[in-house]
Structures are given as C-alpha cells and as structure tokens.
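Breakdown of the fold
Spelled out from the first residue to the last, the chains are:
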Amino acid sequence: MTRRFLILVTASMLAGFLTSVSAQNADQLTKEEISNAEVVDHISFPIPGELFTALDKHGKPDWSAQFRTPIAAIYTNRTQIALNLGGLIADGYLAVEAQDGQQVKNIARDIKVISKPLGVEQDLLNRANSIIDFAEKGNWDTLTEELEAVQNEVVIAMLQHQDKELVTMVMLGGWVRGTEILSSHLSTHYKPEAAKLLRQPKIVDFFVKRLADMPKKVTNSSFMNKIRLSLFDLRKAVTFPNEAIPTAEEVKKIAEIAANISNIIATKE
Amino acid sequence: MITRLLLISFLISGLAIAATEDQQIATRRKALELAGAFANDGFKLRDGHWSGSIKTGEAKVVLVNLYAGNEYWFTVAAGPEAKKVSIKIYDEQGALVECDPYAESTTAAAGFTAAASGPYYIKIEETEGDPTAFCLVYSYK
C-alpha cells in the first residue's frame, strides 16, 4: 500500500515537472531557434515608413530640413548604383513625410535614371510614373505604399536577374540613409525616448556578415572597403542595452558615422 | 519506355510545383484578408511577405527588427490541410511577449506594441493538420 502510494506521488510529481518544463519551453525560444531564425529580405528589415511612424510619435519634425543635395545619379558601378537606389527610396519616404510634392517627383525621376544600368528600369517605370501622379495629387498615404512597392519590385527584379548581392546593397543604402536622417534630426532636436529608436544591432550585424560572405568582385573596391570599415563603427554605436538611452553626444556620433557612409555611397567612384 | 517515364515524372513534378505556388498565392490572399481588418484601425500593411511550407511539430521562426512605440499585428494563414495554426512573438532574449491573440483554424494573428527597438522573433506553428503552405504578413502604426 505504502509502495503504491509512493509510486503515485512520484508519478504525480514527475507529471507536474514535465508540465512545468513544457510550459517553460512554450514561453522561451531555444538557442537553436534563435540562431536558426530565418532572415528574409522582404520582412526582416524595417522600411523607412516604420521609422518615420515611430518618430512621429515624438512630435512632428520639420522633415524638409533633412533633404540633401541631389546625388550624381550617374554611376557605372552596379554595387554603387544599388546602394544609391536604396538611399533614394529612403529620400522618397522623407519627401512624403515632408509632404513636398516637387521633391517626391524629383526623387522618382532620379530613381528612374539611376536604375537604368541595373536592368530593372522597366519594372520601375510604371511605379515611378504613378509616384509622380500621386505626388501631383498630394495623395500622401498612397505614396508610402508605392514607395514600398518600388523597393519590393526592385528586390524581385534583382533576384530574377540573379543579383542577390545587389538586393543587400539596396537594403543597406536605404537603412544607412534612414539612420542618417533620424540621427541628424535628433542631433539638433534631442529627445531621450526618440533616441532609443537608434538601437538596431541585429541589422548592422546582418549587413557586416552578408558583406563578408559576398564574392570579392562585389566588395573589392575602394568605396566598399571604406563602407565596410565604417559599418564596424556604426555597429558599435547602435549596439547598446535595450533599456539604455544614448546621450546627445552619442547620437551626434551616430549621425557623423551615418553621414560619412552616405557620402561615400553618393561620391562617384 | 524510359523517355515516357521521364516525361511522366517531369509532368508530375511540374504539377506539384504549380500546386505549391497556387497554395502560396491562396494563403497570401487569406493572410491579406485578415490583415485588411487591421487597416480599418489605421494599421499600414507592409508589402512584403514570408511564405513557405509547414507541418505539425515543426515550428518556423523569422527575425524581424521593430521600432519602440510602434504597434504591430503579425498575421499568418495556412492552407486548408491545416486544422489549427498559432503565432507567437518573442523578444531578443527569446522570452515570450504578451500580445493580443487571434486564432481561427487556418489563420492566426498576434498584436503588440514594441517596448524596445531591436530584434524580435515570430514563431509560427501548425498545431493540428497535414503539411501545407503558409504565409506571414505584418502591419504597423
């Protein structure tokens, strides 16, 4: 009788333990699940629209102050073209946020011109034209959708042309320009809560690793060497604990690094 | 005879690929229909999506990078072979994040406000049913 009671108690304790372990597992990803998590170009990287939405919660900035002088728009190196295309798409979001129709139209035209050597211009032509139409009508909500569609169509077209390295360059160019806009704005209008938006360590990690794995013919150039070196600095600057708040000085440092990378991207090789 | 067998196997594999593509288009449509409901609440739908195949007992995890303060809805739809799917959000340490859940047989969604900027993980599971296609989309505001 005592033996049967002991078996029952042990079995009940074991069942409880297993239930608890199972509940813990449901509440926690394993190390393998985290390290094997998929990174998907279409979904794993935030688009500039998400960044602007987050920053708009901290006030309504004067976005036009972040416009930059037009880039050369005539490049011969495909890697550099893709990087600049990403930057231009981010500029497009900025112009939409600033509700500056003329700026949106200028950027749409630059996107059409710069894309020609990539062989994706036909895919972009209709989108760029509709962006110009929507800008003339001041249809701002639709414009952000069109800009994201532009980015996705570029990515799809590049993948169809077996240009997966260029896809990374478009994402990198867009993310660097977005980070430059955000950090530059915060340098002059510092808000501690908004400064936390600059924390994106996994994104830089991803770019650093992807560039390291690329064929030498893509990354072996003077401007790519400079970008890769600066990305290490940027990674260090945007990697901080999630409860930490970057100081005004730290934000300025991020702005300087991001602006430097943007300049390298925009300067014709 | 060998040529005929090769031709038949080629046709079968072609049909299988077409069926998979059709399934993925159908699951994307279903995911977009559900995500459309959040658009009425001011959420903007991202144009990108993540699709593939899934089976019971095999979880799929994707990394996303989110911004603090933004509200998000992650929506998944599976093919008719699935009976039940689930979706969960985890923070960068892999801890489950509390979120608003929605589930109805082959569709599920999870909504939350990102407390910190940085990486999060979205885990999709088919808890009942046969192997099938899935599609994940997300919205933000």
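It should be noted that the structure appears before, not after, this text.
Now for a look at the structure at hand. (Residues numbered from 1 in each chain as written. Chains lettered and ligands numbered in written order. Predicted model: local features only at pLDDT ≥ 70, side-chain atom pairs only at ≥ 80, totals over all residues.)

1. What about the overall build of chain A?
Stated formally: The secondary structure listing takes helices from DSSP runs of H or I that are at least 4 residues long and strands from runs of E that are at least 2 residues long, numbered from the N terminus. Whether a residue is buried, exposed or partly exposed is read from the other C-beta atoms within 10 Å of its own C-beta, which are placed from the backbone; 20 or more gives buried, 12 or fewer gives exposed, and intermediate counts give partly exposed. The contact criterion used here is simple: two residues whose C-beta atoms, placed from the backbone, lie within 7 Å are in contact.
The helix and strand inventory of chain A stands at 14 helices and zero strands. In chain A, the succession of α and β elements from N to C terminus is α-α-α-α-α-α-α-α-α-α-α-α-α-α. Here chain A holds 269 residues, and the buried ones make up 42% of them. A separation of at least 24 residues holds for 78% of the contacts in chain A among residues at least 6 apart in sequence.

2. Regarding the overall build of chain B
Broken down by element type, chain B carries one helix and nine strands. Listed by position from the N terminus, the elements making up chain B come as α-β-β-β-β-β-β-β-β-β. Here chain B holds 141 residues, and the buried ones make up 43% of them. Within chain B, residue pairs in contact and separated by at least 24 positions form 79% of the contacts whose partners lie at least 6 positions apart.

3. Points about the interface of chain B and chain A
Quick reminder of the rule: As a working rule, the residues Ala, Val, Leu, Ile, Met, Phe, Trp, Tyr, Cys and Pro are called nonpolar, Asp, Glu, Lys and Arg charged, and the rest polar, with Gly in that last group.
Each partner contributes to the interface: chain B provides 29 residues, whereas chain A provides 32 residues. Every element with two or more residues in the side of chain B that touches chain A is listed here: β3 (60-66), β8 (118-129) and β9 (132-140) of chain B. Top element by residues in the side of chain B that touches chain A is β3(B). It accounts for six residues. Looking at the side of chain B that touches chain A, its residues break down into 16 nonpolar, eight polar and five charged.

4. Here's the deal with the environment of A135(A)
Residue and element names in this part refer to chain A. Relative to the assigned elements, A135 resides in helix α7 (residues 121-137). In the structure, A135 is positioned 134 residues away from E269 in sequence and 32 Å away in space, judged by C-alpha atoms. In this view, A135 contacts G101, V104, K105 and L143; residues no more than four positions away in its chain are not counted.

5. Topic: the environment of D213(A)
Residues and elements named next belong to chain A. When you line up the elements, D213 lands in helix α11 (residues 201-213). Of the residues examined, D213 has 10 C-beta atoms within 10 Å and is grouped as exposed. Counting along the chain gives 48 residues from D213 to E165, while the straight-line C-alpha distance between them is 9.8 Å.

6. A short note on the sheet that holds β8(B)
All names here are of chain B. Convention followed: We treat two strands as partners when DSSP finds at least two bridges between them. Axis definition: a line fitted to C-alpha atoms, limited for helices to the stretch in contact. Angles are taken between N-to-C directions and run from 0 to 180 degrees.
Read from one edge of the open sheet, three strands run β3-β8-β5, paired in antiparallel fashion. Edge strands, defined here as strands with exactly one partner in the open sheet, are β3 and β5 (82-90). Pairs of neighbouring strands in the sheet enclose a mean axial angle of 25 degrees, with direction left out of account. In this structure, β5 lies alongside β8, joined through eight bridges in antiparallel fashion. Bridge assignment links I89 to a residue of β8, and that residue is I122.

7. Considerations on helix α4 (residues 48-56) of chain A
α4(A) sits mainly inside the fold: eight of its nine residues count as buried. Along α4(A), the positions that sit buried rather than exposed are P48(A), G49(A), E50(A), L51(A), F52(A), T53(A), A54(A) and L55(A). Along its buried surface, α4(A) packs onto α5 (78-97), α8 (140-160), α9 (164-188) and α10 (192-195) of chain A together with β1 (44-45) and β9 of chain B.

8. Some thoughts on the pairing of β3(B)
Residues and elements named next belong to chain B. With six of seven residues buried, β3 lies mostly within the body of the structure. With seven bridges joining them, β3 and β8 adopt antiparallel strand pairing. Bridge pairing links L63 to Y121 in β8.

9. A few points about the packing of α5(A) against α9(A)
Each pair of packed helices can be described by the angle between their axes along with the distance between the axes. All names here are of chain A. Put simply, the rule is: Geometric relationships in this document are graded by angle, where less than 35 degrees denotes roughly parallel, more than 145 denotes roughly antiparallel, 65 to 115 denotes roughly perpendicular, and other angles denote oblique. Two helices cross in a left-handed way if the nearer one is turned anticlockwise from the farther one by less than a right angle. They cross in a right-handed way if the turn is clockwise.
Between α5 and α9, the least distance of the axes is 7 Å, while the angle of their chain directions is 45 degrees. Comparing the axis directions of α5 and α9 gives the class oblique. Both α5 and α9 take part in a crossing whose hand is right-handed. Two secondary-structure elements touch here, α5 through R78, T79, A82, L83, N84, L85, G86, G87, I89, A90, D91 and L94 and α9 through L166, M169, V170, M171, L172, G173, G174, R177, G178 and I181.

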